[in-house]
Amino acid sequence: MFLSLLLWPIALTLLLLSFTPGGWYKLWLFEIIGAGYLWFALLTLVLLLALMLFKMGRRRRQLMVVLALALGLYASTLGSWYVPRLRDARTGGIPLTVMTYNVNYQLWDTAAVTALVRSHPVDVFGLVEPFKEQATELRDNVQDLYPHYYRSTGGGLSLFSRYPIAEATTENLDTLYHSLFAVVDVNGKAIRVVIAHPLAPVSMYNFIHRNEAMAALAAYGAQQQQQLPTVIMGDFNLVSWSIYFRDFIQQSSLRSVNLGHGLHPTWFYNDVGRSLSPLDQAKNMLKIPIDHIFVSQSVSVDQVATPPAGVSDHRPVIAKLRVM
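Please read these numbers as outputs of a predicted model, since none were measured by experiment.

1. Let's talk about the pairing of strand 8 (residues 230-235)
Phase 1: Of all 6 residues making up strand 8, 6 are buried, and the element is well covered by its neighbours.
Phase 2: Alternating residues of strand 8 divide into Thr230, Ile232 and Gly234 and Val231, Met233 and Asp235, and every residue in both groups is buried.
Phase 3: With 5 bridges joining them, strand 7 (residues 189-196) and strand 8 adopt parallel strand pairing. In the strand pairing of strand 8, isoleucine 195 is matched with methionine 233.
Phase 4: Taking the sense of rotation as the criterion, the β-α-β connection linking strand 7, helix 7 (residues 204-224) and strand 8 turns out right-handed.

2. Notes on a nonpolar patch on the surface
Phase 1: A cluster of nonpolar side chains, Trp39, Leu42, Leu45, Val46, Leu49, Met52 and Met285, forms an exposed patch at the surface whose accessible area comes to about 660 Å².
Phase 2: In this structure, tryptophan 39 sits in helix 3 (residues 37-51).
Phase 3: Judged by relative accessible area, tryptophan 39 falls into the partly exposed class, the value being 42%.

3. Re the side chain of aspartate 88
Phase 1: Assignment of secondary structure puts aspartate 88 in the loop between helix 4 (58-79) and strand 1 (94-102).
Phase 2: With a relative accessible area of 13%, aspartate 88 lands in the buried category.
Phase 3: Within the structure, aspartate 88 has its side chain in polar contact with the side chain of arginine 255 (distance 2.8 Å).
Phase 4: Not counting chain neighbours up to four residues away, the residues in contact with aspartate 88 comprise Arg255, Leu259, His261, Ser300, Val301, Asp302 and Arg322.

4. Let's talk about the sheet that holds strand 1
Phase 1: Overall, mixed pairing links the 6 strands, which are arranged 3-4-2-1-12-11 in an open sheet. Two strands bound the open sheet, and with one partner strand each, they are strand 3 (148-151) and strand 11 (299-305). Across the sheet, the mean angle separating the axes of adjacent strands is 15° when strand polarity is ignored.
Phase 2: Pairing of strand 1 with strand 2 (residues 124-128) involves 5 bridges; the strand directions are parallel. By the bridge assignment, valine 98 is partnered in strand 2 with valine 124.

5. As for the packing of aromatic side chains
Phase 1: Evaluation of the coordinates by the stated rule reveals 16 aromatic pairs.
Phase 2: With 4.6 Å between their ring centres and 0° between their planes, phenylalanine 125 and phenylalanine 160 make a pair best called stacked. Within this pair, whereas phenylalanine 125 is found in strand 2, its partner phenylalanine 160 is found in strand 4 (residues 157-161), the two being separated by 35 residues in sequence.
Phase 3: The exposure class assigned to phenylalanine 160 is buried, which follows from its relative accessible area of 0%.
Phase 4: Feature note: the residues Trp81, Phe236, Phe245, Phe248 and Phe294 constitute an aromatic cluster, connected by ring pairs.
Phase 5: For the cation-ring pair, lysine 287 lies above tyrosine 269, with the distance from its terminal atom to the ring centre recorded as 4.8 Å.

6. A look at the sheet that holds strand 5 (residues 165-171)
Phase 1: Overall, mixed pairing links the 6 strands, which are arranged 5-6-7-8-10-9 in an open sheet. For this open sheet the edge positions go to strand 5 and strand 9 (255-256), each flanked by a neighbour on one side alone.
Phase 2: By the bridge criterion, 6 bridges tie strand 5 to strand 6 (residues 179-186) in an arrangement that is antiparallel. Paired with threonine 170 across the strands is leucine 180, a residue of strand 6.
Phase 3: Lying over the sheet, helix 7 contacts strand 6, strand 7 and strand 8, oriented at roughly 180° with respect to strand 7.

7. Let's talk about the pattern of salt bridges
Opposite charge on two side chains permits them to pair, given that their charged atoms come into close proximity.
Phase 1: Under the definition given, this model contains 9 salt bridges.
Phase 2: Residue lysine 26 pairs with aspartate 247 through a salt bridge whose shortest N-O separation is 2.9 Å. Note that lysine 26 is positioned in the loop between helix 1 (2-18) and helix 2 (28-33) and aspartate 247 in helix 8 (residues 243-252), a separation of 221 residues in sequence.
Phase 3: Look at aspartate 247 and you get buried, because its relative accessible area is 18%.
Phase 4: Close ionic contact of aspartate 280 with lysine 283 constitutes a salt bridge, the shortest N to O distance being 3.6 Å. In this pair, aspartate 280 and lysine 283 are both assigned in helix 9 (residues 278-283), 3 residues apart and thus about one turn of the helix distant.
Phase 5: In this structure lysine 283 comes out as partly exposed when scored by relative accessible area, which is 27%.

About the cut-offs
Residues numbered from 1 in each chain as written. Predicted model: local features only at pLDDT ≥ 70, side-chain atom pairs only at ≥ 80, totals over all residues. Heavy atoms only, no water. Buried < 20%, exposed > 50% of the residue type's maximum accessible area, 1.4 Å probe, protein only. Helix = DSSP H or I, 4+ residues; strand = E, 2+ residues; numbered from the N terminus. Pairing = 2+ DSSP bridges. Right-handed = clockwise from strand over helix to strand, strands pointing away. Patch = residues over 30% accessible without salt bridge, like charges linked within 9 Å, V, L, I, M, F, W, Y side chains within 5 Å. Areas by Shrake-Rupley, 256 points an atom, 1.4 Å probe, with all protein chains shown as cover. Salt bridge = Lys/Arg side-chain N within 4 Å of Asp/Glu carboxyl O. Polar contact = N/O pair within 3.5 Å; in protein donor to acceptor, adjacent residues only side chain to side chain. Contact = heavy atoms within 4.5 Å. Axes fitted to C-alpha atoms, helices over the stretch in contact; angles between N-to-C directions. Phe/Tyr/Trp six-rings, centres within 6.5 Å; stacked < 30°, edge-to-face > 60°. Lys NZ or Arg CZ within 6 Å of the ring centre and 35° of its normal.

Taken by themselves, the reported measurements are silent on function.
Given below as structure tokens:
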């Protein structure tokens, strides 16, 4: 009896948390709690398997039904990212490999970042968070690979490109966050590239303004992709199952490169084995996808990878694309 009284609130809570389209996920508290979605799915599976070991009673069967329903919702939410998309089977297009990498300015090591960039050559990449001096040091080290460069005037963003940057600017789209906007000339094909970094929703203030930034970027993406193939990438501090992530996709008509290629967690990582504080040790358990690349519907995605983080606590996201 006591076990049932204990498990029913847990099971109902897990069921509530499993349904990400629920309006409660628009609340700041659920946005924070939702970061543990993968752990909630695992806990649901463990509880369901554990209950199967006990003798069946009516209440226990009812409890298992609730857990099974929750597990189905977790599985459908997470599994949908692994279903191949037919548009990626299209042939043709201009190959373009892009990368976004939050280098974490507090952990910056020029030699280490240079080594990572050189070991994973791409055509265009956005660097998130570096100070101007840090980005300049990296530019000096990789200018032979990336002769074209633009540094945003706000937001701590840098664009490195093998191809000419036809135009570039820094705008905030009437929000608190500056983003980098550029047009890259890829063998005569103009491609719109945006690098963004809304802050983490660790407070209600950040939460509200992050959502405003996402809405503004979505409107911009919807407008731009009607004119040019568009790539919007960066650290959005937004998990792939967030209701605000879903809103961004619907409002922008862009697609995440992860769709059909699986979830690729990017934070928190400690690939160099540095000593962690208790708080960072807790973060290290999360492993959530908050760095993203979004592309126009006309763009095919051949491969997505997240190489080791290097000295950062974020892993880069690399996508091999074909622009039609």
